[in-house]
Every structure is written in structure tokens, then in C-alpha cells.
Amino acid sequence: MPSLGRLHLITDTRPGRDPLSVVRAALTAAGADLVVQVRVEDSATDLEAYDLARRVLALCTPYGASCLVNDRLHVALAVGAAGGHVGADDLPVAAARRVLGPTGVLGATARAPGTAVEAVAAGASYLGVGPCHATSTKVGLPDPIGPAGVRAVSGAVDVPVIAIGGVTAARVPALRDAGAYGVAVVGAVSAAADPARVTAELLRALTC
């Protein structure tokens, strides 16, 4: 499995966003330390997801940054991404592992120690844990678990825990203290006036 970067940027394809410009800016600040997770709206076609994923992968490759595809593992395979990420309503982790094969990076969503342990046993390479804080990026999310929830999960597994949900640079130290290996962001970077600057701030908070 390729080494996993500590900062995950999830593409924001909501109306008015420009995910490719944001990815370009973030890569200039983070380079190989960045993992870009391609996520599209549920209404997007597979062709649209494929087109975005191949463009993101083309941006990541010169920097040595990893590209993953959320939910649509067939798109990840089609573009040659490093792997994918599955949520609670996607393929079961064991099935996703069979799709990606033994070497692909496979992330799984978890918010409690029990489900986290099950996901790792089924083949997850890392866990996306949250939401840690309130966020408006995605609707229908459960209540935030806070750093205490991250600590409970990170103490139960031996794979990297990536905290997600309302993450800002100011909140990173508490999440790292709780055992998070890294963080995943959407709006913190995509809505920023200067995505490269915010990316650099997040990375500094993760590595200091």
C-alpha cells in the first residue's frame, strides 16, 4: 500500500465550486503530502465522475500525490487511482476490498470503536472518522463525535485514522492529540479565498 498522506482534500462539486482549481492550488502547497479524494454529487453520472477523477489524477501524478475515488470503486479502477473510500451506504468493506484487490488503498467510514474494528478486519487501510465537528458540507450527517470520539476509535485500531467534519487548522492539534493520523477537509479549502494558504496552514498544524 502506498504511504498515506496526512492531509486529505475531498473535491467539492457543489454548484459554484471549481474543484480542479482548488486541487491545483492545494497541490502547490502540499505536494506529495496531499491525498485527493474525488467525490461527486449523488446525481452525477459515472461519466462525469470518471472525467473529474482522470483530471484530478493527472494533476496529482507530477507531485507524487495520491488520488482516491469515493464511493464509485469502478471509477477508481477505470482511471488507475490508488484506491477508494466507502461510506456506510456503499459497498461493504469486504466487498470493496475484493473489488480493489489486495494492494489498493481502501478507506472506510467509522464513528465508533466496534464498527472501526470490523472495518479493519474486513480490509480497510485507513478509517475516515467523524463528523468531528458540525459541518454544512454534507446533509444528513449524525451528531459530531468531537475529539473524544476520535480518541475512542484511534485507540481501538492500528490503521491511520483520518478525522473529518468541520476541520480547521485551529482544530487540528486537538484531533492529533486524540490520535488522529491526519484530517480530511472539504469546505475549509474549497471555500477559502486562498486555498493554497489554507492548505499550507493545515499541513503545518499536522506536522508541527
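Q: Pulling in residues and values, what's your account of the packing of helix 1 (residues 19-30) against helix 2 (residues 46-60)?
A: Helix 2 packs onto helix 1 with a crossing angle of 20° between their chain directions and a minimal axis gap of 10 Å. The orientation of helix 1 relative to helix 2 falls into the category roughly parallel. Between helix 1 and helix 2 the crossing geometry is right-handed. Mapping the contact onto sequence places Pro19, Leu20, Val23, Arg24 and Leu27 in helix 1 and Leu52, Arg55, Val56, Leu59 and Cys60 in helix 2. Class assignment for the residues of the contact of helix 1 with helix 2 results in eight nonpolar, no polar and two charged.

Q: So what's going on with the environment of Thr135? Which residues, and what values?
A: Structurally, Thr135 can be placed in the loop between strand 6 (126-129) and helix 6 (146-154). When neighbours within four sequence positions are excluded, Thr135 is seen to be in contact with Leu141, Gly165 and Gly166.

Q: Residue-level account of the packing of aromatic side chains, with values.
A: Going through the model one piece at a time under the given rule, you end up with zero aromatic pairs. The lysine or arginine in question, Arg6, covers the ring of Tyr181, its NZ or CZ lying 4.1 Å from the ring centre.

Q: Tell me about helix 6, and please be specific about residues and values.
A: Among all positions of helix 6, only Gly146, Gly149, Val150, Val153 and Ser154 are buried. The arc that holds every buried residue of helix 6, seen down its axis, measures 130°, which confines them to one face.

Q: Any chance you could break down the pairing of strand 8 (residues 182-185) for me, citing the residues and the numbers?
A: Regular strands place side chains that alternate from one sheet face to the opposite one. Of the two faces of strand 8, both are covered, the one formed by Gly182 and Ala184 as well as the one formed by Val183 and Val185. Taken together, the three bridges between strand 1 (residues 7-10) and strand 8 define a ladder with parallel strand orientation. Paired with His8 across the bridge in strand 8 is Ala184. In this sheet, strand 8 lies alongside strand 7 (residues 161-164) in parallel orientation, the contact comprising three bridges. Bridged to Ile162 within strand 8 is Gly182. Handedness of the β-α-β unit built from strand 7, helix 7 (residues 172-177) and strand 8 comes out right-handed.

Q: With reference to specific residues and values, describe the nonpolar core.
A: One broad rule of soluble globular proteins: the nonpolar side chains tend to lie buried together. In terms of nonpolar packing, the biggest core is built from 62 residues, with Leu127 and Val150 touching the most fellow members. Non-local contacts of Leu127, meaning those with residues more than four positions away in its chain, are made with Ala108, Ala110, Ala116, Ala119, Val120, Val153, Val157, Val159, Pro160, Val161 and Ile162. By size, the runner-up hydrophobic cluster in this structure holds nine residues, among which are Ile10, Val35, Tyr126 and Ile162.

Q: So what about the sheet that holds strand 3 (residues 66-70)? Which residues, and what values?
A: In space, the eight strands of this closed barrel follow the order 1-2-3-4-5-6-7-8, with parallel pairing throughout. When strand polarity is set aside, the average angle formed by the axes of neighbouring strands in this sheet is 25°. Of the strand pairs in this sheet, strand 5 (residues 105-110) and strand 6 are connected by four bridges, and their pairing is parallel. Across the sheet, the residue bridging to Thr109 is Gly128, located in strand 6. Strand contacts of helix 2: strand 2 (34-38) and strand 3, with the helix running at about 165° to strand 3, the strand carrying the most contacts. Packed onto the sheet, helix 6 meets strand 6 and strand 7 and runs at close to 160° relative to strand 7.

Q: I'd like a description of the packing of helix 1 against helix 9 (residues 195-207), backed by residues and values.
A: Interaxial distance between helix 1 and helix 9 falls to 8 Å at its minimum, and their mutual angle equals 45°. Comparing the axis directions of helix 1 and helix 9 gives the class oblique. Seen along the crossing, helix 1 lies across helix 9 with a hand that is right-handed. On helix 9, the residues that touch Val22, Ala25, Ala26, Thr28, Ala29 and Ala30 of helix 1 are Pro195, Ala196, Thr199, Ala200 and Leu203. Looking at side-chain class alone, the contact of helix 1 with helix 9 contains nine nonpolar, two polar and no charged residues.

Calculation rules
The residue count restarts for each chain, going from 1 along the sequence in the order it is written. Local features in this predicted model are restricted to residues of pLDDT 70 or higher, and side-chain atom pairs are both shown and tallied only at a pLDDT of 80 or more, whereas totals for entire chains, interfaces and linings draw on every residue. The basis for the side-chain values is all heavy atoms of the structure; hydrogens and waters are excluded. Orientation is described by lines fitted to C-alpha atoms, with helices fitted over the stretch in contact, and by angles between N-to-C directions that extend from 0 to 180 degrees. Runs of E in the DSSP output that reach at least two residues are strands. Runs of H or I that reach at least four are helices, and both are numbered from the N terminus. Roughly parallel refers to an angle under 35 degrees, roughly antiparallel to one over 145, roughly perpendicular to one between 65 and 115, and oblique to any angle outside these ranges. In this scheme the crossing of two helices becomes right-handed for a clockwise turn of the near helix relative to the far one and left-handed for an anticlockwise turn of less than a right angle. In this analysis, two residues are considered to be in contact whenever any of their non-hydrogen atoms come within 4.5 Å of each other. All residues other than Ala, Val, Leu, Ile, Met, Phe, Trp, Tyr, Cys, Pro, Asp, Glu, Lys and Arg, Gly among them, are scored as polar; the first ten of these are nonpolar and the last four charged. The criterion for an aromatic pair is that two Phe, Tyr or Trp rings (for Trp, the six-membered ring) have centres within 6.5 Å, with stacked assigned to planes under 30 degrees apart, edge-to-face to planes over 60 apart and tilted to the rest. Cation placement over rings: the criterion is NZ of Lys or CZ of Arg within 6 Å of the ring centroid and within 35° of the ring normal. Working definition: with a 1.4 Å probe on protein chains only, accessible area under 20% of the residue-type maximum means buried, over 50% means exposed, and in between means partly exposed. Regarding the arc, it is the one traced by the directions from the helix axis to the C-beta atoms. Two strands qualify as a pair provided that DSSP identifies no fewer than 2 bridges between them. The handedness rule is simple: strands pointing away from the viewer, and a clockwise path from the first strand over the helix to the second, make the crossover right-handed. Only buried residues count toward a nonpolar core, which is a set of Ala, Val, Leu, Ile, Met, Phe, Trp, Tyr and Cys residues joined through side-chain atoms within 4.5 Å.

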